[in-house]
Amino acid sequence: LIACEDKHADTLLPPEYYLEDELLKELSRDEIVDQASEPGDFPALLAVLIRYGVQVYKLTYRTTDTDGNPVIASGALIIPGTGNPMPLLSYQHGTIRQDEDAPSFFTSSLYTTTTFIASTGYIMALPDYLGYGSSSHMEHPYEHGSSLATAARDMLRAVREFDLLNNKFATDDRLFLTGYSEGGYATMALLKMLEEEHEDEFRVTAATVGAGAYNKTAFAREILQKDSDLTYLNSFLWVLDTYNKVYKINRPYSYYFNEPYAGIIDAGGVFANTELNPLNVFSSGFREGIINNTDTEFAGTLSDNDNYDWKPSTPLQLYHGTADDYVFYLNSSSAYEAMTGRGASAVELKTTLDGDHYTTVPDYYMGTFLFFSTF
């Protein structure tokens, strides 16, 4: 009775983060079973674990931008159709380039797996991040750890307030975090923030991260020393451009890139059609400054976004393929070595031998699902 009275009292207070919700779609259990029978990241046999239909909401909430200014953001919230208390799972999505692929639109096949997981008994929060959905008027601060973590943290707060105000679902005391690629990096940043800054507010039960660029410093040096084509070089240009702007370094592209690539990128953006060999694209001054750590200003931005060398207390699994040529394996191996070196006893490195950035995804999803089911 006391707990009920407390919850009712909370609903009388104006929410600090939650703004509004919109029902996007409803899927029956049978519809989700049909989806799960199609080829994807989970074996079709797991369809027997689907228990509930789901409702998908767009949640709009308050957070802050990279300068700490108030901004309205959004995300998707997937609620299974049961009144029983269930764990909350925060899923941080991977790299997207089109706004319509953000979770709050919920039209992309990228989120089929999240629907399946929710239908087995998880309430799922999927933040859009800054630059997508309700904040699409902004540039997405790609791979900026602090703003990724803040957007995800504040969505969790908004979900809590939405629960108190509407009583559409009930969470138990379990909180899980997961994400792959940029989502893996965002999840690592979120976990670090929650453990170090919000221990009294959030207690994470377990987390998994897949193929994230946690060791920005070593990763940048590795890229800049390559003398061969890197298929995904433009994504690194996106990181560089983000840090140049977010940290207000504001150097011209001619500082970072040789011609004609500086002009091409200036005119067409970081995904302009450049060649893919870092030795030819990047200026020797920038390359040497990062490799030798003499460019202290830009090296400081990389260091500020390193999320590998700390001691998590949460049970944590890192998934990565050894043949990943998008986000190099060194990001997970160095994180595992640093964390265990600091005495972290609940960290595991789950390696997919010869797996690349995409063929490792099924191992990540299956491993995550099985790992979380043990809590």
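Read on for an overview of the structure. (Residues numbered from 1 in each chain as written. Predicted model: local features only at pLDDT ≥ 70, side-chain atom pairs only at ≥ 80, totals over all residues. Heavy atoms only, no water.)

Here we look at the overall build of the protein chain
Here is the rule: Each helix corresponds to a stretch of at least 4 residues labelled H or I by DSSP, and each strand to a stretch of at least 2 residues labelled E; elements are numbered beginning at the N terminus. For the radius of gyration, the atoms used are the C-alpha atoms, and the globule rule reads 2.2 Å times the number of residues raised to 0.38. Relative accessibility under 20% of the residue-type maximum defines a buried residue, over 50% an exposed one, and the middle range a partly exposed one, all with a 1.4 Å probe and only protein chains included. Residue contacts follow a heavy-atom distance rule, with two residues in contact if any of their heavy atoms lie within 4.5 Å. Only the protein chains shown count as cover for residues, and the accessible areas themselves come from Shrake-Rupley with a 1.4 Å probe. Here the positive residues are Lys and Arg and the negative ones are Asp and Glu; neither His nor the chain ends is included. The atoms used to mark charge sites are NZ of Lys, CZ of Arg, CG of Asp and CD of Glu.
A count of helical and extended segments in the protein chain gives 14 helices and nine strands. Whereas a compact globule of 375 residues would reach a radius of gyration of roughly 21 Å, the protein chain reaches 21 Å, a difference of no more than 12%. A principal-axis box enclosing the C-alpha atoms of the protein chain has dimensions of 65 × 45 × 40 Å. Here the protein chain holds 375 residues, and 55% of them are scored as buried. Contacts spanning at least 24 positions in sequence make up 78% of the contacts within the protein chain whose residues lie at least 6 apart. When the accessible surface of the protein chain is split by element, carbon and sulfur atoms take 48% of a total near 15,800 Å². Each charge sign in the protein chain was given a centre, from 24 positive and 53 negative side chains, and these centres are 4 Å apart.

So, the side chain of Ser283
Mapping Ser283 onto the fold places it in the loop between helix H10 (278-281) and helix H11 (284-291). Apart from the residues within four sequence positions on either side, Ser283 is in contact with Tyr255, Tyr256, Phe257 and Asn258.

Brief notes about the pairing of strand E6 (residues 171-180)
Our working rule: Note on pairing: two strands pair once DSSP finds at least 2 bridges between them. Whether a crossover is right-handed depends on one test, that the path from the first strand over the helix to the second runs clockwise when the strands point away from the viewer.
In this structure, strand E4 (residues 86-92) lies alongside E6, joined through six bridges in parallel fashion. If you follow Ser90 over to E6, its bridge partner there is Leu177. Viewed along the sheet, the connection from E6 through helix H5 (residues 182-197) into strand E7 (residues 206-210) turns out right-handed.

Let's talk about the nonpolar core
This is how it is decided: By convention a nonpolar core is built from buried Ala, Val, Leu, Ile, Met, Phe, Trp, Tyr and Cys residues, the set being connected through side-chain atoms within 4.5 Å.
Counting residues in hydrophobic clusters, the biggest one holds 79 residues, and the most contacted among them are Leu77, Phe257, Phe282, Phe298 and Leu316. The residues touching Leu77, leaving out its near neighbours within four places in the chain, are Gln55, Val56, Tyr57, Leu59, Ile123, Met124, Ala125, Met155, Val159, Phe162 and Phe169. If you look at the next biggest cluster of nonpolar residues, it comprises 32 residues, including Val54, Val56, Met124 and Ala211.

Describing the sheet that holds strand E8 (residues 316-321)
Counted only if it meets this: Geometry is summarised by axes, namely lines fitted to C-alpha atoms with helices restricted to the contacting stretch, and by angles between N-to-C directions that run from 0 to 180 degrees.
An order of E1-E2-E3-E5-E4-E6-E7-E8-E9 is seen for the nine strands of this open sheet, with the pairing classed as mixed. Strands at the two margins of the open sheet, each flanked by one partner only, are strand E1 (18-27) and strand E9 (347-352). Looking at each pair of strands side by side, their axes are set apart by 20 degrees on average, direction ignored. Across the sheet, helix H2 (residues 29-36) touches E1 and strand E2 (54-64), and the angle it forms with E1 is around 75 degrees.

Some remarks on unusual backbone geometry
In this structure, the amide linkage connecting Glu259 to the following residue, Pro260, adopts the cis form with an omega of 10 degrees. Positive phi, close to 50 degrees, is recorded for Ala211, a residue that is not glycine. Following the sequence through the fold, Ala211 ends up in the loop between E7 and helix H6 (216-224). Taking the relative accessible area as the measure of exposure, Ala211 reaches 0% and is therefore buried.

Remarks on the pairing of strand E3 (residues 70-80)
In summary, the side chains of a regular strand alternate between the two faces of the sheet. Counting buried positions along E3 yields nine of 11 residues, so the element is predominantly enclosed. The pairing of E2 with E3 spans 11 bridges and is classified as antiparallel. Along E3, the bridge assignment pairs Thr60 with Ser74. Two strands pair when backbone bridges link them, and E3 and strand E5 (residues 123-127) are joined in this way by four bridges, in the antiparallel orientation. Paired with Gly75 across the strands is Pro127, a residue of E5.

Notes on the packing of aromatic side chains
Quick reminder of the rule: Pairs were defined over the aromatic rings of Phe, Tyr and Trp, the Trp ring being its six-membered one, requiring ring centres within 6.5 Å. Orientation was assigned from the angle between planes: stacked under 30 degrees, edge-to-face over 60, tilted for the rest. For a lysine, the NZ atom is tested; for an arginine, the CZ atom; a charge sits over a ring if that atom is within 6 Å of the ring centre and within 35 degrees of the ring normal.
Using the criterion set out here, one finds 29 aromatic pairs in the structure. Geometrically, the ring pair formed by Phe219 and Phe328 is edge-to-face, given 5.0 Å between the ring centres and 70 degrees between the ring planes. In this pair, Phe219 is assigned in helix H6 and Phe328 in the loop between E8 and helix H13 (330-341), connecting sequence segments 109 residues apart. Comparing Phe219 with Phe328, the two get one shared label, buried. Linked through ring pairs, Phe236, Tyr253, Tyr255, Tyr256, Phe257, Phe282, Phe286 and Phe298 together constitute an aromatic cluster. A cation over an aromatic ring shows up here: Arg97 above the ring of Phe271, its NZ or CZ 3.7 Å from the ring centre. One Lys or Arg, Lys226, reaches over the ring of Phe328 and ends 5.5 Å from the middle of that ring.

Some details on the packing of H6 against H11
How two helices sit against one another is set out by the angle between their axes and by the gap between those axes. For the record, the criterion: By definition in this entry, angles of less than 35 degrees are roughly parallel, angles greater than 145 are roughly antiparallel, angles of 65 to 115 are roughly perpendicular, and the rest are oblique. In this scheme, a crossing is called left-handed if the near helix is turned counterclockwise away from the far one by less than a right angle; it is called right-handed if the turn is clockwise. Only Asp, Glu, Lys and Arg are considered charged, only Ala, Val, Leu, Ile, Met, Phe, Trp, Tyr, Cys and Pro nonpolar, and every remaining residue, Gly among them, polar.
Following both chains from N to C, one finds H6 and H11 inclined at 140 degrees, their axes separated by 9 Å at the closest point. Judged on the interaxial angle alone, H11 and H6 are oblique. With respect to the hand of their crossing, H6 and H11 are arranged in left-handed fashion. Within the contact between the two elements, H6 uses Ala220, Arg221 and Leu224 and H11 uses Phe286, Arg287, Ile290 and Ile291. Within the contact of H6 with H11, the residues separate by chemical class into five nonpolar, no polar and two charged.

Quick notes on the pattern of salt bridges
As a reminder, the rule being used: The term salt bridge refers to a pairing of a side-chain nitrogen on Lys or Arg with a carboxyl oxygen on Asp or Glu at a separation within 4 Å.
Throughout the structure, instances matching the rule amount to 16 salt bridges. Between Glu139 and Lys245 there is a salt bridge whose closest N-O contact spans 3.2 Å. With a gap of 106 residues between them, Glu139 in the loop between E5 and helix H4 (145-166) and Lys245 in helix H7 (residues 233-246) connect regions that are remote in the sequence. Given a relative accessible area of 58%, Glu139 falls into the exposed group. Its relative accessible area of 35% is what places Lys245 among the partly exposed residues. In this structure, the salt-bridge partner of Glu201 is Arg160, at a minimum N-O distance of 3.8 Å. In this pair, Glu201 is assigned in the loop between H5 and E7 and Arg160 in helix H4, connecting sequence segments 41 residues apart.

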